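Observations on the three-dimensional arrangement
Listed below are the residues making up each chain.
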Amino acid sequence: MAGAYDPNLPGVPEWLNTGDNAWQLTAATLVGLQSMPGLVILYASIVKKKWAVNSAFMALYAFAAVLLCWVILCYKMAFGDELLPFWGKGGPAFDQGYLKSRAKIPNSNTPAPYFPMATLVYFQFTFAAITTILVAGSVLGRMNIKAWMAFVPLWLIFSYTVGAYSIWGGGFLYQWGVIDYSGGYVIHLSSGVAGFVAAYWVGPRPKADRERFPPNNVLLMLAGAGLLWMGWSGFNGGAPYAANLTSSIAVLNTNLSAATSLLVWTTLDVIFFGKPSVIGAIQGMVTGLAGVTPGAGLIQTWAAIIVGIVSGTVPWASMMILHKKSTLLQKVDDTLAVFYTHAVAGLLGGLMTGLFAHPDLCLLILPEPTRGAFYGGNGGKQLLKQLAGAAFIAVWNLVSTTIILLAIRIFIPLRMAEEELGIGDDAAHGEEAYALWGDGEKFDATRHGQQFERDQEAAHPSYVHGARGVTIVL
């Protein structure tokens, strides 16, 4: 019996495994928390003060817009019946009969999960949302917010759903045997490439912002990063669609790779720059998470450590060395270095999955016997498949993102006006992140001091005035 079936409880059908369903909803919530409030907080705090509201709003808006588009059209484009080898037939996913039925992905050879379609629709939404929000990280601090509002649904429809269907929804890359356990290609490679392309078309930040763009709140930035890291246990732990052996291995490997990559990145910062950087540590954390994602449940734990080492080294070198030597890379202003931390790390992770995928672990979740090149046999072919799959995702995102942005540009400027770029949040939203004394207001020390004393006398009968103007409450 799959779960706690009771004919007197119509809400618990015979096929429902309540443990799997509980874990899947928990995993979905963890992934959702990575975006809202995780990336909302991270974006708001990692940028200059004048862009805090705008950056947070870009993430907040995308989270809401993606959900509505997802249930109206896009879920079935990514996980529905085949329209093309790389695209599903779009349609609404909010019929109650459909949502109450047992979850299933057409054209997939994997066993149907023991939870309802409603759980699967929401779980996969959280992945679509965070992918779109990651793209925003490349264009913070200058993209016209109205252009971003148009970009989100269009990119979801014409870019994200193609990658998701091709690899996860039973499309041609899935049928061919390309492995992407939980989004190294579908999420990280696609968002990194799309973000890089968007940064090119939107153009760079003003020179003053590009040369000096300090975070406005380092401690809050760490809080957002912490939500991102902890949420990744649901990100990779929920990929098997069950609370099983694979999910446990994936959670351990995910956290181990993140920790290793963070330490490697920090060590490199100390060696080459003389001191550790908090932003650098966060970037190392992210590359470790993105790098392990394509194979988190399919590789041994020692391999997860290697993935962490490589993920903390190669993206660091590409950002700190290759970037400075490449004219093209310097021309494109990728605000949060999404290309390096997600595209490069996701590509590396996908290739290392083709190298280290363990045949016994693959048998636990993949429909066909599979092995990485490290384990001999036909593993070399798997590595080539991983490379070809990455090429398709990268090229599709390059072309589709370009077309979407050029189409939007006909009607809406992609970039804020120069005056708005100088002002920031107040020009874009009529709001500012912090209400601080000195920001347009005068502080009357005498008046406020007298009001404070009156308030204290009313609240505390034993209140007395201390020496030198110090107030004391007895």
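Residues numbered from 1 in each chain as written. Predicted model: local features only at pLDDT ≥ 70, side-chain atom pairs only at ≥ 80, totals over all residues. Heavy atoms only, no water.

1. As for the packing of aromatic side chains
Two aromatic rings, taken as a pair, are described by how far apart their centres are and by the angle between their planes. Throughout the structure, instances matching the rule amount to 30 aromatic pairs. Judged by centre distance (4.7 Å) and plane angle (35°), the rings of Trp232 and Phe235 are tilted. One end of the pair is Trp232 and the other is Phe235, both in helix 9 (residues 218–237) and 3 residues apart, which spans about a single turn. Classification of Trp232 as buried rests on a relative accessible area of 1%. Taking relative accessible area as the criterion, Phe235 reaches 0% and is therefore assigned buried. The rings of Phe115, Phe123, Phe127, Trp168, Trp232, Phe235 and Tyr241 are connected pair by pair, giving a single aromatic cluster. A cation over a ring is seen here: Lys76 above Tyr98, with NZ or CZ 4.4 Å from the ring centre. Of note, Arg205 hangs over the ring of Phe213, and the distance from its end group to the ring centre comes to 4.4 Å. (Phe/Tyr/Trp six-rings, centres within 6.5 Å; stacked < 30°, edge-to-face > 60°. Helix = DSSP H or I, 4+ residues; strand = E, 2+ residues; numbered from the N terminus. Buried < 20%, exposed > 50% of the residue type's maximum accessible area, 1.4 Å probe, protein only. Lys NZ or Arg CZ within 6 Å of the ring centre and 35° of its normal.)

2. Considerations on the nonpolar core
Nonpolar side chains tend to gather and get buried jointly when the protein is soluble and globular. Grouped together as the largest cluster of nonpolar side chains are 125 residues, with contacts concentrated most on Tyr43, Trp70, Trp148, Phe151 and Tyr160. Sorting elements by how many residues they give to this core places helix 2 (residues 52–79) first, with 14 residues. Residues in contact with Tyr160, not counting those within four places in the same chain, are Trp70, Gln124, Phe127, Ala128, Thr131, Trp155, Trp168, Val186 and Ile187. (Core = buried A, V, L, I, M, F, W, Y, C linked by side-chain atoms within 4.5 Å. Contact = heavy atoms within 4.5 Å.)

3. Examining the environment of Ala65
Note that Ala65 resides in helix 2. Along the backbone, Ala65 and Met149 are 84 residues apart, and their C-alpha atoms lie at a distance of 8.4 Å.

4. Examining the environment of Arg415
Within the secondary structure, Arg415 is located in the loop between helix 16 (379–411) and helix 17 (418–423). Residues Arg415 and Trp148 lie 267 residues apart in sequence; the distance between their C-alpha atoms is 9.7 Å. With residues up to four places along the chain from it excluded, the contact list for Arg415 reads Arg142, Asn144, Val202, Gly203, Pro204, Arg205, Pro206 and Leu421. A distance of 3.3 Å separates the side chain of Arg415 from the backbone oxygen of Val202, its partner in a polar contact. (Polar contact = N/O pair within 3.5 Å; in protein donor to acceptor, adjacent residues only side chain to side chain.)

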